[in-house]
Amino acid sequence: MATSKPLQFLASDATALAVRRGFSAVPKWLPAWLFYDEVGSVLFEEITRLPEYYPTRTERAIFEAYAGEILEAAGPSVTLVELGAGTATKTSVLIEEVLRRQTQALFYPIDVSVSALQEAARQLGGQFPRLRVNPIVADYTGGVEALGRISGRKLVLYIGSSIGNFEPDESVRILRRMKRSLRPGDALLLGTDFAKSPKILIPAYDDAEGVTAAFNKNILARLNREMDADFKLDAFRHIALWNKRCSRIEMHLQSLSAQHVFLSMIDMDLSFTSGERIHTENSYKYTMPMVETILRESRFCLEHTWCDRQKWFGVHLARV
Ligand code: AVJ
């Protein structure tokens, strides 16, 4: 026991910093990347299969319908790179199309999760003998740096509405850095969820089975595990709301009573009033003008957008 504690503290240094910062703010908040420990990553995969969570299947349907057009627009002989690849399940549709056009192909999935990358390499390696999978373990900053060291003409996949977690100005900064790591002729395939009726949006983030609620509360369970905190999970409830002015879904955890929580590892005493919230996630829902703006401000050239018939999700090809 005595020896495991300092090791744990080092392992979660980034977590400790983020938690201290978020819980010192008013209102309290936590960064969305904290969702994705091993438990959270499994819960997210479960979310993508929920009947109410339309983004994953809608984007996959767009890839299935337009993979030919997308790869045609991207140009000949591309190396695929995917930022935040996870298990890269949707990517097989695009890889299949690449391999229809060329005898062999390279795929660089980039993610923070080693286990997800191993799963991606195992799955895709088995499925496509002519594909070489080179996984890269990195966070966003490291991943964007890694782009610059990959040779050949690249098609960078930033799909799944991953960009939706960032405020628009942060998105521009990320895309700008990405662009600086690319060369003329390279392209970006960006997936964005579109603004739509809250009747569709809210259930997607507050499903009947309670999987999203469990995903949200796992952030507290994680702090109990990694920070030696004593959050009572039943003392908080999951909230998903549509912030129309900012065009984003927000997730919060609301304290059901006045209570104290102690985070032993960082020696932090927290008090919550009844009804007080912790803001855990923003998921921005784009309009075409918003997409055009972030791409223009990051000096990418938008070439084409593919959507589903209901215009619920968009896949954009942008050129360096
Ligand atoms: C992984 C950021 C795209 O915003 O829809 C799903 C995360 N949060 N349900 C999203 C999420 C709650 C997801 N992204």
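As shown above, the structure is provided for reference.
## A short note on the overall build of the chain
And then number 1: Across its full length, the chain holds 11 helices and 14 strands.
And then number 2: A compact globule built from 320 residues would reach a C-alpha radius of gyration of about 20 Å, and the chain, at 20 Å, matches this within 12%.
And then number 3: By principal-axis analysis of the C-alpha atoms, the chain measures approximately 60 × 50 × 35 Å.
And then number 4: In the chain, buried positions account for 53% of the 320 residues.
And then number 5: In the chain, of all internal contacts separated by at least 6 residues, the share reaching a separation of at least 24 is 73%.
And then number 6: Accessible surface for the chain amounts to roughly 14900 Å². Of this, 54% is attributable to carbon and sulfur atoms.
And then number 7: Between the mean site of the 39 positive side-chain charges and the mean site of the 38 negative ones, the chain shows a separation of 5 Å.

## Quick look at the pattern of salt bridges
And then number 1: Counted according to the given criterion, the structure contains 14 salt bridges.
And then number 2: Residue Lys28 is joined to Glu276 by a salt bridge in which the shortest nitrogen-to-oxygen separation is 2.6 Å. Taken as a pair, Lys28 in strand 1 (residues 28–29) and Glu276 in the loop between strand 11 (268–272) and strand 12 (277–284) lie far apart in primary sequence, 248 residues in all. Each member of the pair Lys28 and Glu276 is classed as buried.
And then number 3: Glu97 is the partner of Arg100 in a salt bridge, and the nearest nitrogen-oxygen pair spans 3.1 Å. In this pair, Arg100 and Glu97 both sit in helix 5 (residues 91–101), three residues apart, roughly one turn of the helix.

## A closer look at the packing of helix 8 (residues 168–180) against helix 11 (residues 288–297)
And then number 1: Following both chains from N to C, one finds helix 8 and helix 11 inclined at 45°, their axes separated by 8 Å at the closest point. With respect to their mutual orientation, helix 8 and helix 11 come out oblique. Crossing of helix 8 against helix 11: the hand is right-handed. Contacts between helix 8 and helix 11 involve Pro168, Val172, Leu175 and Arg176 from the former and Ile294, Leu295 and Glu297 from the latter.
And then number 2: Of the residues assigned to the contact of helix 8 with helix 11, the class counts are five nonpolar, no polar and two charged.

Conventions adopted
Residues numbered from 1 in each chain as written. Predicted model: local features only at pLDDT ≥ 70, side-chain atom pairs only at ≥ 80, totals over all residues. Heavy atoms only, no water. Helix = DSSP H or I, 4+ residues; strand = E, 2+ residues; numbered from the N terminus. Rg over C-alpha atoms; globule rule 2.2 N^0.38 Å. Buried < 20%, exposed > 50% of the residue type's maximum accessible area, 1.4 Å probe, protein only. Contact = heavy atoms within 4.5 Å. Areas by Shrake-Rupley, 256 points an atom, 1.4 Å probe, with all protein chains shown as cover. Lys, Arg positive; Asp, Glu negative; His and termini not counted. Charge placed at Lys NZ, Arg CZ, Asp CG, Glu CD. Salt bridge = Lys/Arg side-chain N within 4 Å of Asp/Glu carboxyl O. Axes fitted to C-alpha atoms, helices over the stretch in contact; angles between N-to-C directions. Parallel < 35°, antiparallel > 145°, perpendicular 65-115°, else oblique. Left-handed = near helix turned anticlockwise from the far one by under 90°. Nonpolar A, V, L, I, M, F, W, Y, C, P; charged D, E, K, R; others polar.

Fair warning: the whole summary comes from geometry, so function is off the table for now.
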